[in-house]
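# Coordinate analysis (summary)
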Amino acid sequence: MNNDRRKVVLIGTGMVGMSFAYALVNQGGICNELVLVDVNKDKAMGEAMDLNHGLAFAKSNMKIYAGDYHDCKDADIIVIAAGVAQKEGETRLDLLQRNTEVFRSIITPVVKSGFDGIFLVATNPVDIMTRVTYELSRFGASRVIGTGTSLDTARLRYLLGDYFTVDPKNIHAYVIGEHGDSEFVPLSQVMLATKQVSEILSDPRNSYTADDMNKIEEQVRTAAYKIIEAKRATYYGIGMAITRIVKAILGDENSVLTVSAKLCGEYDSRGVFIGVPCIIGRNGVKEVLELSLTEDEKEKFRSSAKILDESFDGLKM
Ligand code: NAD
């Protein structure tokens, strides 16, 4: 990892990729070199021009240009947002085989370039595409990360903050499991500051209910479908989530984020890439945090992991 020059290569300059790039430029100071790569070279070039024209208004300077796989050699992070976007009514798992072929055409030249940094995958179905990246690259598991349930967790904290009328930053809660239909919120782990929310719910003096918690969980689970119905795709939120993870890596923050990481015995699972809280620093996943789940929550986690394992096993690699 080069601390003086922090270089990010973005592969896939569509809505998600460029929302990330735009957030990166506007937040400033996270990296100082950004390379845009897309199968559509004109698109990458146009996007680089457009971003460069805003640099005079940005917080800090950055070198931004359209590039190629050769530019990956000395990069710190490769962000992958290339692929086909989820269509209305289509599940994330439906996208799997199509995107696996796209990934083969990306990972092979990236590895060939001599790249030895960290892969960060956003393409859906993200847990499986992260595992595909791991298999194709043969990198160590700590250096292959997916955005996992980081966005879902942000959505959850926003909704809970709204419900309890508390700053979302003081809500500690995670969405874990597949970034998709089998994801869930372990209620036993939801805290308002250091107070257990389950304790608040069982206090007869207030009007908060477990039923409302279930509704919020459902809102989080169906958020992407709702946004896609309304405006065809989701991109700003995920763009900011990618920026947050990149910042945690390049800043060696050791921040806890719910990324898609490989499990090696944690949560009684092995081999699967799935959304779990992890400590993220300069070398990627420093540690997978194992939450003390209830028996019911453990069962939900196991069935989510099973869905991901089965989809991966059905893949032609
Ligand atoms: P998009 O269609 O706008 O952009 C995809 C880009 O990938 C296009 O510019 C396309 O030219 C490029 N591309 C396609 N094949 C390529 C290849 N072989 N090499 C290089 N580039 C290639 O789609 P989008 O809305 O930006 O979505 C991108 C991905 O992000 C989708 O898989 C979508 O489902 C996913 N997504 C993930 C999350 C999440 O939480 N992880 C949230 C929203 C969207």
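Numbers given to residues run from 1 along each chain, matching the order in which its sequence is written. The predicted origin of the model limits local features to residues at a pLDDT of at least 70 and limits the giving and counting of side-chain atom pairs to 80 or more, whereas totals for whole chains, interfaces and linings rest on all residues. By convention in this description, side-chain values take in all heavy atoms of the structure and omit both hydrogens and water.

This paragraph deals with the overall build of the chain. Helix and strand assignments follow DSSP, with helices taken as H or I runs no shorter than four residues and strands as E runs no shorter than two, numbered in order from the N terminus. Check the secondary structure of the chain and you find nine helices and twelve strands. With respect to the three principal axes, the spread of C-alpha positions in the chain is 60 × 45 × 40 Å. Taking all 317 residues of the chain together, 51% fall into the buried category. The contact criterion used is simple: two residues touch if any of their non-hydrogen atoms lie within 4.5 Å. If you take every contact in the chain between residues at least 6 apart in sequence, the share linking residues at least 24 apart comes to 70%. Total accessible area on the chain stands at roughly 14500 Å², and carbon and sulfur atoms take up 51% of it. The rule is simple: take the accessible area with a 1.4 Å probe, protein chains only, and divide by the maximum for that residue type; under 20% is buried, over 50% is exposed, in between is partly exposed. With residues, only the protein chains shown are counted as cover, and all accessible areas are computed by Shrake-Rupley using a 1.4 Å probe.

Once that is clear, we can look at the packing of helix 4 (residues 126–137) against helix 9 (residues 295–313). To describe two helices that pack against each other, one gives the angle between their axes and the distance between the axes. Working convention: axes come from line fits to C-alpha atoms, limited for helices to the stretch in contact. Angles between N-to-C directions cover 0 to 180 degrees. Contact pair helix 4 / helix 9: the axes reach a minimum separation of 10 Å and the direction vectors enclose 50°. By the angle between their axes, helix 4 is oblique relative to helix 9. The handedness of the crossing between helix 4 and helix 9 comes out as right-handed. Facing helix 4, whose interface residues are Asp127, Ile128, Arg131, Val132 and Glu135, helix 9 presents Leu308, Asp309, Ser311 and Phe312. Of the residues that constitute the contact of helix 4 with helix 9, the class distribution is four nonpolar, one polar and four charged. Angular relationships are summarised with four words: roughly parallel below 35 degrees, roughly antiparallel beyond 145, roughly perpendicular across 65 to 115, and oblique for the angles in between. When the near helix sits turned anticlockwise from the far one by under a right angle, the crossing is termed left-handed; a clockwise turn instead gives a right-handed crossing. Gly falls in the polar group here, along with every residue not listed as nonpolar (Ala, Val, Leu, Ile, Met, Phe, Trp, Tyr, Cys, Pro) or charged (Asp, Glu, Lys, Arg).

The next thing to look at is the sheet that holds strand 8 (residues 191–192). Here, strands pair whenever DSSP counts at least two bridges between them. Strands sit in the order 7-8-9 across an open sheet of three strands; the sheet is antiparallel. Both edges of this open sheet fall to strand 7 (171–172) and strand 9 (195–196), since each of them pairs with a single strand only. One ladder, built from two bridges, connects strand 8 with strand 9; its direction is antiparallel. What sits directly across from Met191, in strand 9, is Gln196.

Only a single heavy atom is needed: when it lies within 4 Å of a molecule or strand, its residue is near that molecule or strand. In the vicinity of the ligand, 23 residues are found, and the nearest of them are Met15, Val16, Asp38, Ala122 and Thr147. N or O atoms closer than or at 3.5 Å make up a polar contact, with two conditions inside protein: a donor-capable atom paired with an acceptor-capable one, and, for residues adjacent in sequence, both atoms drawn from side chains. In the environment of the ligand, an oxygen atom lies 3.1 Å from a nitrogen or oxygen atom belonging to the backbone of Asn124. Burial of the ligand by the surrounding chains reaches 85%, relative to a free accessible area of 860 Å². Going through the elements one at a time, helix 1 (15–27) and helix 3 (96–112) are the ones with two or more residues in the shell around the ligand. If you tally residues by element for the shell around the ligand, the top one is helix 3, at three residues. Tallied by class, the residues present in the shell around the ligand amount to eleven nonpolar, eleven polar and one charged.

Pairing of aromatic side chains requires ring centres within 6.5 Å, counting the rings of Phe and Tyr and the six-membered ring of Trp. Pairs whose planes differ by under 30 degrees are stacked, by over 60 edge-to-face, and all others tilted. One pass over the structure, following the stated rule, counts nine aromatic pairs. Relative to Phe119, the ring of Phe115 lies with its centre 5.2 Å away and its plane at 75°, an arrangement referred to as edge-to-face. Judged by centre distance (5.8 Å) and plane angle (20°), the ring pair of Phe115 and Phe139 falls under stacked. Here Phe139 lies in the loop between helix 4 and strand 6 (144–146) and Phe115 lies in the loop between helix 3 and strand 5 (118–121), a separation of 24 residues in the sequence. The class for Phe139 is buried, based on a relative accessible area of 9%. Joined through ring pairs, the aromatic side chains of Phe115, Phe119 and Phe139 make up one cluster. For a lysine, the NZ atom is tested; for an arginine, the CZ atom; a charge sits over a ring if that atom is within 6 Å of the ring centre and within 35 degrees of the ring normal. Over the face of the ring belonging to Phe312 we find Arg131, whose NZ or CZ atom lies 4.1 Å from the ring centre. Here the basic side chain of Lys231 rests over the ring of Tyr235, its NZ or CZ set 4.0 Å away from the ring centre.

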